[in-house]
Amino acid sequence: MALLEIKVNGREHRLEVDPAANLLTVLREQLFITGPKVGCETGDCGTCNVIIDGKLRRACLTNAMTVNGSAIITVEGVGGKGAMHPLQMQFYENYASQCGFCTPGMIMASKALLDSNPAPDDVQIKEALSGNLCRCTGYINIIKAVKAAAKDLSAKGGER
Amino acid sequence: MQNQDFFAPADLEQACALLADEAIKPLAIAGGTDVMVRFNRHRRRRQETLVYLGKLGLDYIREENGEVLVGACAPLSEVAASALVREKLPLLAKACGEMASPAVRNAGTLGGNVVNNARHADGVAALIALDAEVVIATTRGERVMTVADFAALPKSETLAGGGVVRHFAIAPLLANEKWAWEKLRQRKGESRSVVSVSMRASIDGGKCSVLRLVVGCMAANPFVSQAAAELMTGQAPSEELIELVVQALLTECDPVSDARASAWYRQKATAALVRRVLSQMV
């Protein structure tokens, strides 16, 4: 076992992990943070997306020990209790989710995009979401939601 | 606490010593995008000792003595976004920017792409087209070889004796040089190459003086077309000549069939991409 110290959604954790474990397993099975979903575990689907030290990453392809000391944001850390983030609100308003399995990864990829580019065009949104698979929506409403959220965020003066 | 089966050495010597120690069954890991796919597939307890290379400071991208040095641990997204690479080696920026998807590019490294050397490793094809060299640190000092030679070695030999890839050294494109990177894939995002064709060529007085045309994903390793170089060198590129090159090049390679494409399809696709790439010389 190996000792891992990470900050998840602002909270410090110190725990023993299997040195071969991926971050997704540690988050879900040891810290009970189940927003990131287990999809393909090969990096193709994007539903396990998290933000590690400001960068969008696949939790399933991230060896937990390699991010020792890092700050991680999962979908639970976006918005707050009783206060949805504009992205979450616009996904809801635009029916950008059906079964919902891809949604945590979509939100994280969209957040990573808006953090670096507050006013993306359609092509930039498609590129940012190119690593996220959705079985249900056909993507159109997801793109609408991200655009609407970008507008909301700039109206709020870029507060995230 | 020092972990017995995970090491994150902060200096190269220590990393090389760990990787040379066969008793601990060392396995190098950087971004993890290849290693973790394998681990995720096999749920059993792993026997290897992981040696994490991310603390070695090998993520630099800089110019030194007229060469661009790209550190082995530079993530693909940083190589693609680097102002230096975009200006001096746009071929490499384009190839790295079209691999996998944004989240994977943020983790996967150029060094990992080359060391793992999958058939569809675009980084290998791009670096061979650029005639890049790889600089390897070992317990017995530094080794330098071309990426083409490195990729042709059996995997067990490339880094035998505790080798760590430090960086790739690449000569920047000159004013008289043309480049191209074209890759066919099943969809634009998150899709491995079916075929890639890349070119680095010098044009002097309207004639091609040097041509390095590389076809990737056709066989185990990307190959440099000898026929293309022979036919084009000293000639002014024309449609007729390009057609001759396409036909000669197709007899040079023996494409594979796999889950992504049949050999027949790969031949058709290669012909189309070679035409597209070479017409950029005109």
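Residues numbered from 1 in each chain as written. Chains lettered and ligands numbered in written order. Predicted model: local features only at pLDDT ≥ 70, side-chain atom pairs only at ≥ 80, totals over all residues.

Notes on the overall build of chain B
The helix and strand tally for chain B stands at 13 helices and 12 strands. Expected size for 282 residues packed as a compact globule is a radius of gyration near 19 Å; at 19 Å, chain B falls within 12% of this value. Expressed as a percentage of its 282 residues, the buried residues of chain B come to 48%. Looking at chain B alone, contacts between residues at least 24 apart form 60% of all its contacts between residues at least 6 apart. (Helix = DSSP H or I, 4+ residues; strand = E, 2+ residues; numbered from the N terminus. Rg over C-alpha atoms; globule rule 2.2 N^0.38 Å. Buried ≥ 20, exposed ≤ 12 C-beta atoms within 10 Å, placed from the backbone. Contact = placed C-beta atoms within 7 Å.)

Remarks on the domain arrangement of chain A
All names here are of chain A. Domain annotation for chain A reports domain 1 (2-77) and domain 2 (86-155). On a C-alpha basis, the centroid separation for the pair domain 1 and domain 2 is 21 Å. Counting from both sides, the interface comprises 12 residues of domain 1 and, opposite them, 12 residues of domain 2. The residue inventory of the side of domain 1 that touches domain 2, partitioned by class, reads 7 nonpolar, 4 polar and 1 charged. (Domains from an automatic or database assignment. Nonpolar A, V, L, I, M, F, W, Y, C, P; charged D, E, K, R; others polar.)

A word on unusual backbone geometry
Excluding glycine, residues mostly carry a negative phi; peptide bonds, for their part, are mostly trans. Residues and elements named next belong to chain A. In this structure, glutamate 41 is a non-glycine residue whose phi angle is positive, near 60°. Checked against the element boundaries, glutamate 41 lands in the loop between helix 1 (23-30) and strand 3 (49-52). We classify glutamate 41 as buried; it has 20 C-beta atoms within 10 Å. Positive phi values are uncommon outside glycine, yet tyrosine 95 reaches one of about 50°. With respect to the helices and strands, tyrosine 95 occurs in the loop between helix 2 (86-93) and helix 3 (103-116). Assessed through the 13 C-beta atoms surrounding it within 10 Å, tyrosine 95 is described here as partly exposed.

Examining the packing of helix 3 of chain A against helix 5 (residues 140-155) of chain A
Two measures define how a pair of helices packs: the angle their axes make with one another and the distance between the axes. Residues and elements named next belong to chain A. Where helix 3 meets helix 5, the closest approach of the two axes is 11 Å, and the angle between their N-to-C directions is 45°. Classed by the angle they form, the pair helix 3 and helix 5 counts as oblique. As helix 3 runs across helix 5, the sense of the crossing is right-handed. Contacts between helix 3 and helix 5 involve Met106, Ser110 and Leu114 from the former and Ile142, Val146, Ala149, Ala150 and Leu153 from the latter. Counted by class, the contact of helix 3 with helix 5 contains 7 nonpolar, 1 polar and no charged residues. (Axes fitted to C-alpha atoms, helices over the stretch in contact; angles between N-to-C directions. Parallel < 35°, antiparallel > 145°, perpendicular 65-115°, else oblique. Left-handed = near helix turned anticlockwise from the far one by under 90°.)

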